[in-house]
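What follows is the residue order along each chain.
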Amino acid sequence: MRDDEAEAYASMASSEEGRPNLSGAGSGAESGTAAVGQPKAEALRLMEAVVERSNLFMAYERVVKNKGAPGVDGLTVSEFKPWLQRHWTRLRQDLLSGVYQPELVRKVEIPKPQGGVRILGVPTLGDRLIQQALNQVLQPLFDPEFSASSFGFRPGRNAHQAVQAAQSYVAAGKRWTVDLDLEKFLDPSSYCPQTHEVVANSMG
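Residues numbered from 1 in each chain as written. Predicted model: local features only at pLDDT ≥ 70, side-chain atom pairs only at ≥ 80, totals over all residues. Heavy atoms only, no water.

Caption draft 1: Molecular detail of the overall build of the protein. Along the backbone of the protein there are eight helices and two strands. Contacts in the protein between residues far apart in sequence, at least 24 positions, make up 69% of those at least 6 positions apart. Total accessible area on the protein stands at roughly 13400 Å², and carbon and sulfur atoms take up 56% of it. (Helix = DSSP H or I, 4+ residues; strand = E, 2+ residues; numbered from the N terminus. Contact = heavy atoms within 4.5 Å. Areas by Shrake-Rupley, 256 points an atom, 1.4 Å probe, with all protein chains shown as cover.)

This is the structure we're talking about:
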């Protein structure tokens, strides 16, 4: 880790102190009460993994590397590190307590080659950081459930592999191709990698 990156997360390091021990359920609880509390406890464990320092370091590097336009708050990539130093403690507390609310997204219209526009929402850098951190924790849980024939928005998979798979089907004697497109299905949403990945791959 470079010195400037370590400095960017100095406040994160201090906020990790005093983290609750989530290694086991509370002792002496009734079995029924424990069962009711299991989803909440699991959600808290997942969120602890999301805000864990090494996961945040990876998410920060990814967001900064991707650059991108500012969201509704106008915050740029060059301004992101000092902003994060000032606000991370509050963001972490909001995430762990379940009261975090993302900012509004900035509407952007992207022209389509065939005419018309695709409407995208540009989140703020803070929300992009949290989305990326969530994706890094949740993707390994979701990805094994996707179809082996699904190539979109998945780690280690791409359109070239999809073409190769299609060529193998043709070579095996298959002659029918079905092309489905849900028009404007994702247009109202802001870009969240995990959301797009789940939607794209749950349809096989």
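Caption draft 2: Spatial organisation of the nonpolar core. Residues Phe80, Leu84, Trp88, Leu95 and Leu129 are the most contacted members of the largest nonpolar core, which totals 20 residues. Secondary structure elements with two or more residues in this core: helix H3 (31-50), helix H4 (53-66), helix H5 (77-97) and helix H6 (125-142). Ranked by residues supplied to this core, first place goes to H5 with six residues. (Core = buried A, V, L, I, M, F, W, Y, C linked by side-chain atoms within 4.5 Å. Buried < 20%, exposed > 50% of the residue type's maximum accessible area, 1.4 Å probe, protein only.)

Caption draft 3: Structural context of the pattern of salt bridges. With the rule as written, the count across this model stands at four salt bridges. The shortest N-O distance in the salt bridge between Glu42 and Arg45 comes to 3.4 Å. Of this pair, Glu42 and Arg45 both sit in helix H3, three residues apart, roughly one helical turn. A salt bridge links Lys107 to Glu109; the shortest N-O distance between them is 3.8 Å. On the accessibility criterion, Lys107 (55% relative accessible area) is exposed. Accessibility expressed as a relative area gives 46% for Glu109, which makes it partly exposed. (Salt bridge = Lys/Arg side-chain N within 4 Å of Asp/Glu carboxyl O.)

Caption draft 4: A look at the packing of H5 against H6. Where H5 meets H6, the axes come as close as 9 Å, and the angle between the chain directions of the two elements is 60 degrees. When the axes of H5 and H6 are compared, the pair comes out oblique. Like other packed secondary-structure pairs, H5 and H6 cross with a definite hand, here right-handed. The segment H5 lies against H6, with Val77, Phe80, Trp83, Leu84, Leu91 and Leu95 engaging Leu125, Gly126, Leu129 and Ile130. Residues belonging to the contact of H5 with H6 are distributed by class as follows: nine nonpolar, one polar and no charged. (Axes fitted to C-alpha atoms, helices over the stretch in contact; angles between N-to-C directions. Parallel < 35°, antiparallel > 145°, perpendicular 65-115°, else oblique. Left-handed = near helix turned anticlockwise from the far one by under 90°. Nonpolar A, V, L, I, M, F, W, Y, C, P; charged D, E, K, R; others polar.)

Caption draft 5: Highlighting the packing of H4 against H6. Interaxial distance between H4 and H6 falls to 9 Å at its minimum, and their mutual angle equals 125 degrees. Compared by their axis directions, H4 and H6 come out oblique. Along this stretch, H4 crosses H6, giving a crossing that reads as right-handed. Counted together, Asn55, Leu56, Met58, Ala59, Tyr60, Arg62 and Val63 of H4 and Leu125, Arg128, Leu129, Gln132, Ala133, Gln136 and Val137 of H6 form the full contact between these two elements.

Caption draft 6: Representation of the pairing of strand S1 (residues 106-111) within the structure. In this structure, S1 lies alongside strand S2 (residues 117-122), joined through six bridges in antiparallel fashion. Among the inter-strand pairings, Ile110 is bridged to a residue of S2, identified as Arg118. (Pairing = 2+ DSSP bridges.)

Caption draft 7: Inspection of the environment of Lys67 at higher detail. Residue position: Lys67 is located in the loop between H4 and H5. Here Lys67 is in contact with Val77 and Arg128, once residues within four sequence places are set aside.

Caption draft 8: Region of the structure containing the confidence of the model for the protein. Scored by pLDDT, the protein comes out at a mean of 78, with 70% of its residues at no less than 70. Within the model, the stretch residues 1-34 combines pLDDT values under 50 with 37 contacts to residues more than four positions away or in other chains. Below pLDDT 50 for its whole length, residues 194-204 participates in 32 contacts with residues either more than four positions away or in separate chains. (pLDDT = per-residue confidence, 0-100.)

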